[in-house]
Amino acid sequence: MATIVPSVSWPGACWTLLVCCLLTPGAQEQEFLLRVEPQNPVFPAGGSLLVNCSTDCPSSKQIILETSLSKELVDNGTGWAAFQLSDVTGNSRILCSGYCNGSQITGFSDITVYSLPERVELAPLPSWQPVGQNLTLHCQVEGGSPRTSLTVVLLRREEELSRQPAVGEPAEVTATVPTSRKDHGAHFSCRTELDMKPQGLGVFRNTSAPRQLRTFALPVTPPRLLAPRFLEVEKSWQVNCILDGLFPASEARVYLALGDQMLNATVMNHGDMLTATATATARADQEGAREIVCVVILGGQRLEAREKLTVFSFLGPILNLSEPSAPEGSTVTVSCMAGARVQVTLDGVPAAAPGQPAQLHLNATESDDGRSFLCSATLEVDGEFLYRNSSVQLRVLYGPKIDRATCPQHLKWKDKTRHVLQCQARGNPYPQLRCLKEGSNREVPVGIPFFVNVTHNGTYQCQASSSRGKYTLVVVMDIEAPNSHSVPVVLAVLVTLGVVTVVVALIYVFREHKRSGRYHVREESTSLPLTSTQPTEAMGEEPSRAE
């Protein structure tokens, strides 16, 4: 009986198949055979193989191995010999032969060698593939055997697109597939499959390096460019470039330029829409007719939009006062000027010609304080008129004054009432107004309600003062106190009422005593003596007399 112990180390090492043959003692056969082990082996190309030739014939002394392969005797003995085959690169048949009892005996084995392809490569894909157009894949395979068992598979990610046998050396396999937006970013590859399952092995696969596909789609319309018609020198304006229907918008490149000046654009995308925004600032050397350009590049193709733009210089209007703060009575010159080709108008009076200044002279008075002067400038640019205005305010310095119309010089108020001293001062700078009572320097508030009493009666000096002088106005306050003889009158009324009350009481007592027939008046009494101011006849009774 023979026992085969395989020892395999691959790739990068030789395969060694160790065969140990153990002959069963005492076996007797009428006919002796020469065995070759391993029988019909299959192993990778370039490997090594240990071959054992053996027989049960006891008279066999020498066994040899016949092959075109490189061989080396490893060991031998009665009825057997072991040989090492190296660098086995192709299919071959080996033959073992010897002699038994004077007759030649032989045995053979067919060696099958397999090899994986040396190169499996997918041809480079287009840099960009238009959506909707067919894509042709090319795969090239060098080496690999046996070719009858070698298949080439083209893949999109893990999806099998084509399966074809490897034919020719090198084998070239192609497949055409449609592309869509879903293929953007997809990896394509080529894989070989060496099917050695019929030989008791498995399927050996070898895959090329993947290649990534980028697909794109462009709209048929150009970008929409939003830019001004006019741009003033040293002024900035926002420029927008918008393009919809772009795929993939995130991978598009956008360039915005003012003439030969590249603009720093900020690009944003939402879905298939792309928006580029930049700030354009014109230089003095760009004055004149220019173009704003927007270029969108994707998939090696470009879409662009252009808009005409006029760069202009508009200096002014510059409005000046000879004295922004002029003393009252001084002469003030107001002048307005602007750049070349600019027509200026000062307070409705135009300059003699474009580019010429306009002037106005006046003698500053109090009424001119706070007066505004307006200068308008007009510039024609490319058939359109541009307007610009400027204003300035004159400040006239004059001394303080108190308006007599709003500050009555004689005030007649009642005591213990609330009033407001309505006095107003004017001047530039604005003056401080104080009203002080003559002789006491008592101050009353101005423009604020206060409680009036008789102590406010008198003459007041109302003075407005500023850095440009003083102005004084005399105000008399006449505080009407309660009437001086009103108190005696009240007292007289009260006394009269008291006397009447006492008289009525005495009459009542007198009548009561008369009814009783007597009455007494003590001399020491402090009461008033009873007297009658009327004749007794008028009372309808006779006079009484004391007892």
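How each quantity is defined
- Residues numbered from 1 in each chain as written.
- Predicted model: local features only at pLDDT ≥ 70, side-chain atom pairs only at ≥ 80, totals over all residues.
- Heavy atoms only, no water.
- UniProt positions renumbered as here; feature names shortened; annotations may be inferred.
- Helix = DSSP H or I, 4+ residues; strand = E, 2+ residues; numbered from the N terminus.
- Core = buried A, V, L, I, M, F, W, Y, C linked by side-chain atoms within 4.5 Å.
- Buried < 20%, exposed > 50% of the residue type's maximum accessible area, 1.4 Å probe, protein only.
- Contact = heavy atoms within 4.5 Å.
- Disulfide = S-S within 2.5 Å.
- Pairing = 2+ DSSP bridges.
- Axes fitted to C-alpha atoms, helices over the stretch in contact; angles between N-to-C directions.
- Phe/Tyr/Trp six-rings, centres within 6.5 Å; stacked < 30°, edge-to-face > 60°.
- Lys NZ or Arg CZ within 6 Å of the ring centre and 35° of its normal.
- Salt bridge = Lys/Arg side-chain N within 4 Å of Asp/Glu carboxyl O.
- pLDDT = per-residue confidence, 0-100.

The name given to the protein in an unreviewed UniProt entry is Intercellular adhesion molecule 3, with the source organism recorded as Colobus angolensis palliatus. Comment text from UniProt for the protein, heading Function (unreviewed entry), reads "ICAM proteins are ligands for the leukocyte adhesion protein LFA-1 (integrin alpha-L/beta-2). ICAM3 is also a ligand for integrin alpha-D/beta-2. In association with integrin alpha-L/beta-2, contributes to apoptotic neutrophil phagocytosis by macrophages." Under the UniProt heading Sequence similarities (unreviewed entry), the entry covering the protein gives this text: "Belongs to the immunoglobulin superfamily. ICAM family."

A. Looking closely at unusual backbone geometry. A cis amide bond, omega -5°, links Glu169 with the succeeding residue Pro170. Within the secondary structure layout, Pro170 lies in the loop between strand 14 (159-165) and strand 15 (171-178).

B. A look at the nonpolar core. Ranked by size, the top nonpolar core spans 28 residues in total, and within it Leu225, Leu246, Leu256, Cys294 and Val296 carry the most contacts. Elements with a minimum of two residues in this core: strand 22 (236-243), strand 23 (253-258), strand 26 (273-281), strand 27 (288-298) and strand 28 (301-312). With sequence-adjacent residues up to four places away left out, Leu246 is seen in contact with Ala217, Leu218, Pro219, Ala252, Asp272, Leu274, Val296 and Leu298. Membership of the second largest hydrophobic core comes to 25 residues, among which are Cys336, Val344, Ala351 and Leu362.

C. Region of interest: the state of the cysteines. Tallied over the full model, the rule gives seven disulfides. Each sulfur of the disulfide joining Cys336 and Cys375 lies 1.6 Å from the other. Note on the Cys336 and Cys375 pair: the S-S dihedral is about -65°, so by sign convention the disulfide is left-handed. Of this pair, Cys336 sits in strand 31 (residues 331-337) while Cys375 sits in strand 35 (residues 372-381), placing them 39 residues apart in sequence. For Cys336, a relative accessible area of 0% puts it in the buried group. A sulfur-sulfur separation of 2.0 Å characterises the disulfide bridge that pairs Cys435 with Cys462. Residues Cys435 and Cys462 are joined through a disulfide that is right-handed, its torsion about the S-S bond being 115°. You can see Cys435 sitting in strand 41 (residues 432-437) and its partner Cys462 sitting in strand 44 (residues 458-466), a full 27 residues away along the chain.

D. Broad picture of the sheet that holds strand 30 (residues 325-327). Read from one edge to the other, the open sheet built from three strands follows the order 30-37-40, with strand pairing classed as mixed. Both edges of this open sheet fall to strand 30 and strand 40 (425-428), since each of them pairs with a single strand only. Averaged over all pairs of adjacent strands, the angle between strand axes in this sheet comes to 40°, irrespective of strand direction. With three bridges connecting them, strand 37 (residues 395-402) and strand 40 associate as antiparallel partners.

E. Layout of the sheet that holds strand 32 (residues 343-346). Pairing is antiparallel in the open sheet, where four strands are placed in the order 33-32-35-36. The open sheet has two free edges, formed respectively by strand 33 (349-350) and strand 36 (384-393), since each of these has just one partner strand. As judged from the 10 bridges shared by strand 35 and strand 36, these two strands associate in the antiparallel manner. Paired with Glu380 across the two strands is Phe385, which belongs to strand 36.

F. Structural context of the packing of aromatic side chains. By the definition in use, this model includes three aromatic pairs. Ring centres of Trp128 and Phe216 lie 6.0 Å apart, and the angle between their planes is 90°; on these two criteria the pair is classed as edge-to-face. Taken together, the positions of Trp128 in the loop between strand 10 (103-122) and strand 11 (129-130) and Phe216 in strand 19 (residues 215-216) put the pair 88 residues apart, joining distant regions of the chain. By the burial criterion, Trp128 is buried, and Phe216 matches it. With centroids separated by 6.1 Å and ring planes inclined at 65°, the aromatic side chains of Trp413 and Phe450 adopt a geometry described as edge-to-face. Here the residue Trp413 occupies a position in strand 38 (residues 410-414), and Phe450 occupies one in strand 43 (residues 450-452), the gap between them amounting to 37 residues. Judged on exposure class, the residue Trp413 and its partner Phe450 are both buried. The ring of Phe314 carries the charged tip of Arg388 above its face, separated from the ring centre by 4.3 Å.

G. Seen up close, the pattern of salt bridges. Applying the stated criterion to the full structure yields 25 salt bridges. Taking the shortest distance from any N to any O, the salt bridge between Glu384 and Arg229 comes out at 2.8 Å. Here Glu384, found in strand 36, pairs with Arg229, found in the loop between strand 20 (224-226) and strand 21 (230-232); they are 155 residues apart in sequence, far enough to count as distant. On the basis of relative accessible area, Glu384 is assigned to the partly exposed category, the value being 36%. Salt-bridge contacts for Arg302 lead to Glu304; the nearest nitrogen and oxygen are separated by 3.0 Å. Classification of Arg302 as exposed rests on a relative accessible area of 52%. Through salt bridges with shared partners, a single network forms among Glu160, Arg163, Arg191, Glu193 and Arg205.

H. Molecular detail of the confidence of the model for the protein. Summarising the model, the protein shows a mean pLDDT of 83, and 83% of its residues fall at 70 or more. Predicted confidence for residues 1-30 stays below pLDDT 50, and this span has 46 contacts to residues more than four positions away or in other chains. The low-confidence segment residues 513-547 (pLDDT under 50) makes 14 contacts with residues lying over four places distant or belonging to another chain.

I. Summary view of the environment of Gln359. Inspection of the secondary structure assignment puts Gln359 in strand 34 (residues 358-363). Taking C-alpha positions, Gln359 is 8.9 Å from Met337, a pair spaced 22 residues apart along the chain.

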